[in-house]
Amino acid sequence: MIWPIVAILGALYIPGAIGVRMLTVRGPERHGDCAYPVLRTLAWAPLLSVVVAAASGTAVYPLHIRWNWATYLVCYAIVLVVIAAIRMAVLAHERRKNPHIPRHKRTYALTYLREKVRNRRGTPAAPEPHGAFARVLPSVFGVLTAAVLIVARLVRHVPSPDQITQNYDTVFHTNVVANIVINGQASSLHALSPVRETYPIAFQQFAALGNLAAPSITVPAATMACWIAFAAIVYPISMLYLVRVICGRHMLTDFAAPALAAVAGGMPYLLLDWGTLYSMGTGQMLMPVLFAAAWRWFTVTWNRGARACWAGIGWMLLGTAAVSFAHFRVMMTFLLLVIPVFLYWCVQFGKYIRHRYGKRALRITLSCVVLAIVLVFLAGLAVFARMYLVNNTRPISSHLNGGQAQVTDTWGSAIMRFLTGTPINSLGQHMPVDWILAVLLAIAIVSIVALRTPWRRWGLLFLGSYVLLGIICVASAATMADWAKIITALWYKDQRRPFSAWAMVAIPLVCIGLIAFTDWWDTRMRTRKSVVRAIPRTLFCVLTVLCVLVSPQANAMAASVGTTMQFAQDGQDAPMLTQDEYLLLKRLAKDVPAQDTIVADPWNGSGFALAVGDRSLFYPHLAMVWDEDHAYLASHLDQIETDPRVCQILDQYHLRWYLDMGGSFMPSPQHAVFEGMDNVPHSALKLVDSQGRAALYEITACPVH
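All of these numbers come straight from a predicted model, not from anything done at the bench.

J.: Can you break down the nonpolar core residue by residue, with the values?
T.: Counting residues in hydrophobic clusters, the biggest one holds 215 residues, and the most contacted among them are Phe206, Trp227, Phe230, Trp502, Ile507, Leu633 and Leu659. Counting residues per element, this core draws most heavily on helix H8 (residues 219–247), which supplies 21 residues.

J.: Please set out the pairing of strand E4 (residues 685–691) residue by residue, giving values where relevant.
T.: Direction of pairing for E4 relative to strand E5 (residues 694–699): antiparallel, over a ladder of six bridges. Its bridge partner lying in E5, lysine 686 is registered against glutamate 698. Counted along the chain from E4 to the antiparallel partner E5, the turn is two residues long, and its residue glycine 692 has a positive phi close to 65°.

J.: Describe in detail the packing of aromatic side chains, supporting the description with residues and values.
T.: The geometry of two aromatic rings is summed up by the distance between their centres and the angle between their planes. Applying the stated criterion across every chain yields a total of 40 aromatic pairs. Centre to centre, the rings of phenylalanine 349 and tyrosine 352 are 6.4 Å apart; their planes meet at 25°, and the pair counts as stacked. Of the two residues, phenylalanine 349 and tyrosine 352 are both situated in helix H14 (residues 339–357); the distance of three residues between them amounts to about one turn of the helix. Its relative accessible area of 23% is what places phenylalanine 349 among the partly exposed residues. Here tyrosine 352 falls in the partly exposed class, since its relative accessible area comes to 25%. Ring-pair connections join several aromatic residues into one group, and the members of that group are Trp67, Tyr72, Tyr76, Phe203, Phe206, Phe230 and Tyr278. The cationic tip of arginine 457 hangs over the ring face of tryptophan 458; the distance from NZ or CZ to the ring centre is 5.8 Å.

J.: Tell me about a nonpolar patch on the surface, residues and numbers included.
T.: Nonpolar side chains collect at one region of the surface, where Trp411, Ile415, Met416, Leu419, Val467, Ile471, Trp483, Ile486 and Ile487 lie side by side and expose about 840 Å² of accessible area between them. Going through the elements one at a time, helix H17 (411–420), helix H19 (456–478) and helix H20 (482–487) are the ones with two or more residues in the nonpolar patch. No other element matches H17, which puts four residues into the nonpolar patch. Relative to the elements of secondary structure, isoleucine 471 occurs in helix H19.

J.: Go over the environment of arginine 156 with me, naming the residues and quoting the values.
T.: Position of arginine 156 among the secondary structure elements: in helix H5 (residues 129–157). By relative accessible area, arginine 156 is classed as exposed at 64%. The sequence separation of arginine 156 and alanine 558 amounts to 402 residues, and the corresponding C-alpha distance is 8.4 Å.

J.: How would you summarise the packing of helix H1 (residues 2–23) against helix H2 (residues 37–60) if you had to cite specific residues and measurements?
T.: Packing of H1 against H2 leaves a shortest axis separation of 7 Å and a crossing angle of 115°. Where H1 crosses over H2, the handedness of that crossing is right-handed. In this structure, H1 contributes Ala11, Leu12, Tyr13, Gly16, Ala17, Gly19, Val20, Arg21 and Leu23 to the contact, and H2 contributes Pro37, Arg40, Thr41, Leu42, Trp44, Ala45, Pro46, Leu48 and Ser49.

J.: Mind laying out a positive patch on the surface, listing which residues take part and the relevant values?
T.: Where like charges cluster on the molecular surface, the positive patch consists of Arg354, Lys359, Arg360 and Arg363. A per-element tally of the positive patch places helix H15 (residues 359–390) first, with three residues. Summarising the element assignment, arginine 363 is placed in helix H15. When its relative accessible area of 53% is taken as the criterion, arginine 363 is described as exposed.

J.: Can you break down helix H26 (residues 579–586) residue by residue, with the values?
T.: All of the buried residues along H26 are Glu581, Tyr582, Leu584 and Leu585. Axial view of H26: buried residues confined to an arc of 160°, hence all on one face. Looking at the buried side of H26, the elements it contacts are H8, helix H27 (588–591), helix H28 (609–613), strand E3 (655–660), E4 and E5.

J.: I'd love a proper account of the pattern of salt bridges, names of residues and values included.
T.: Taken as a whole, this structure holds 13 salt bridges when the rule is applied. Residues glutamate 581 and arginine 693 are paired through a salt bridge, measuring 3.2 Å at the closest nitrogen-oxygen approach. Of this pair, glutamate 581 sits in helix H26 while arginine 693 is found in the loop between E4 and E5, placing the two residues 112 residues apart along the sequence. With a closest N to O distance of 3.2 Å, aspartate 596 and arginine 656 form a salt bridge. Taken as a pair, aspartate 596 in the loop between H27 and strand E1 (597–600) and arginine 656 in strand E3 lie far apart in primary sequence, 60 residues in all. Its relative accessible area of 11% is what places aspartate 596 among the buried residues.

Parameters and conventions
Residues numbered from 1 in each chain as written. Predicted model: local features only at pLDDT ≥ 70, side-chain atom pairs only at ≥ 80, totals over all residues. Heavy atoms only, no water. Core = buried A, V, L, I, M, F, W, Y, C linked by side-chain atoms within 4.5 Å. Buried < 20%, exposed > 50% of the residue type's maximum accessible area, 1.4 Å probe, protein only. Helix = DSSP H or I, 4+ residues; strand = E, 2+ residues; numbered from the N terminus. Pairing = 2+ DSSP bridges. Phe/Tyr/Trp six-rings, centres within 6.5 Å; stacked < 30°, edge-to-face > 60°. Lys NZ or Arg CZ within 6 Å of the ring centre and 35° of its normal. Patch = residues over 30% accessible without salt bridge, like charges linked within 9 Å, V, L, I, M, F, W, Y side chains within 5 Å. Areas by Shrake-Rupley, 256 points an atom, 1.4 Å probe, with all protein chains shown as cover. Salt bridge = Lys/Arg side-chain N within 4 Å of Asp/Glu carboxyl O. Axes fitted to C-alpha atoms, helices over the stretch in contact; angles between N-to-C directions. Left-handed = near helix turned anticlockwise from the far one by under 90°. Contact = heavy atoms within 4.5 Å. Lys, Arg positive; Asp, Glu negative; His and termini not counted. Charge placed at Lys NZ, Arg CZ, Asp CG, Glu CD. Arc of directions from axis to C-beta.

What follows is the structure, given as C-alpha cells:
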C-alpha cells in the first residue's frame, strides 16, 4: 500500500509544484498568501494536477490513445511548455516596456533566479536558519498529526485495503477505476459506457495511476490508497492554506488548522462512510484552496492593480475547474459559502465606483448587477421546474424523499447537532459530540462578536457562511416540508453532502476567534508577566491537542467506516460480498480469458467482478437504461434450455461465462429485471471454480461461436 500512495502523491505534487511555481507571479510587493510560496505551491499543486489529469483523459479519448502514466506525464509536459512560452512572452513584453532591463534576463531560467534575488532587495534580512525552521514547525507538526491520525484510525477499523464499502455507488466508482486500468478510457464524457457517460472521474484517474504503479494490488486497494493520499495529505494542507490566507502566520493556528481537519465535522470519513462518494469527497478536500483564492480576491486583490486582479481571477478559474472536475456539485456548496464575502465585495466595489466615477456610474453598475442576478435566478428556476415540475419522471415529491432525505432530527436536535459539528453516519446514528471542539468554537464566536478587534470583520463574514450552511443542513435534517426540498434540492435534500463542508467553515472560525481573543488578552495584560500573557495560547494549544488525540467523534466515524466495509457473513446476501465471494472474484483471471465477458446479476456482488477480478461484465452496474438484448437476457436466462432467443443473444455477444453469487443484497424495484437469473438450470452449465456458495460456470447449453 505504501508504494501506490507514494506514486499518487508524486503524480499530484511533483509536476503540479513545477506548474504552480511557473504560474506564480512574483513582484516586489509580497503580501498575504504570496508571502508563503512553499505553502502556496503545495496547496495549489493538486488542483493543477487534477485539471491536467481530467482534461488529458478527455482529450486523448477521441484519438483512441490509452490514458496511463505516459499519457498523463506527456500531457503535463505539454502544459508546462505552454505555461513557459506564455511566461516568456510576458517577460518579452515587459522588456519592451522597460528596455533598461539587461538582455540576459530575457531567458526564463535566469529571469526566475534574478527576480527572486531582486524581490528580496529592500526587505528585512533573511532570518537565521533556525528561526525559519522554528516558524514552519507548527505547520509541519499539524499536517503530520492529521495524516498519522487519519491513517491510524482507518487502519485500526479497516484491517485490509481490499475491503470496500459494498453498496450501490461503489460498484460504479471501482469499476470506473478498473475500466481506466484495463482499457485506458479516462474521459469524463465517457466515464463507464454504456452505464453512464458524463461523470467527473478525476479521483478515479489517480486511483488508476496508483494501480498502474503497483499492478499486484487490487483496484479496491488502489482506490483506498488514493483516498488516503487526498484525505491525509491534500486535505490538511488545504485547510492550513485557507487559514494562513485569512489569518496570516500564527504558531497556534498553523498547528490547529491542519490538525483539526482530522476530526472536525466527521471529516474526512463522512463521505467515505456514506455512499463512498469518492469524487464528492475529493471536491470537498480541494475546495478550501478555491475558497482561499476567492476570499483573497474579494477582500484584497481586486483593488491591487490590473495585474494582481487578473492573476487572482485566473487562480479562481483554476480552482473552479479543479473542484468541478472532482465533482461539480461541490461548487453548489462553494457558491453558498462565498455569498457573505461576495456581498462585502459588492459594497466595497460600489464605494470604489462612486468615488472614482460618480453616482451615475454606480447606478448603472448596480442595475447591471441586479439584472445579471435576476437572469441567473430565472435560469435556475427554469432548470428546477424542468427537472422536478414539468418532467413527471422525476417529481420533487418522490426524488427528494429517498433514504438520504428522510428526517433524522427534531428542529432542536438538528440545530444543536450543527452548532456542535455532530454528523450522522450511514445508518442515521448520531455520532458523539466533540465537546472540546464545541467549546473552542463557542469561545471563538463570542470573541468575534463581543470583542472589538481587527479580526471582527473577517470573523463576521465567516459567521455568515456558517449560518447559511446551517440553514441547509438543518432544513435537510429536521423537516420534509416542500420549502425544505426546494432550498436543499441542489444537495438532493441530503444533509451529509453540505455537512461535509462544516469543517471548512468552523476551523477558520475557531482560528479567527482564538487569534482575536489572544490579541485582546495581550492588550489587556500588557503590563503583566509573559507567563500570564501566554496562558490563553497555552490553554488553547492543549485543548487542540486533546481534541485531536482523543476525539470520540473521529473514532466513532472511523468505526462506522469499518462497519460499512465489513464482508458479509457466509451465506448472507447483505452486504454484497462474503470473503469467499471476494476471493473467487480475485481468481477470475485464471479461468476467464481477458477478452471474454461474464454474465451475472450485479445485485448479488457480481458487479465487482470488473474491479476485483479484472474481467468485463455484461451488466457493469446495478441499474441503467438497459437495451432490449440486455433486458431480455436478464429476464429470461433461466429459460436458456427452451428459449432460442437466449442462445441467440449469448452467441451474438460471445457470452460463455456465468457467475452465481447468491441473491440481491437489498430489495429494489430496479432488481426486478434480473429475476430471470435466480434459477438458471445447472444442466445448462459446467462448474469451473467455486468457493463457498460462489460459483463460476461455463455456459454449455448454447454453443457460442
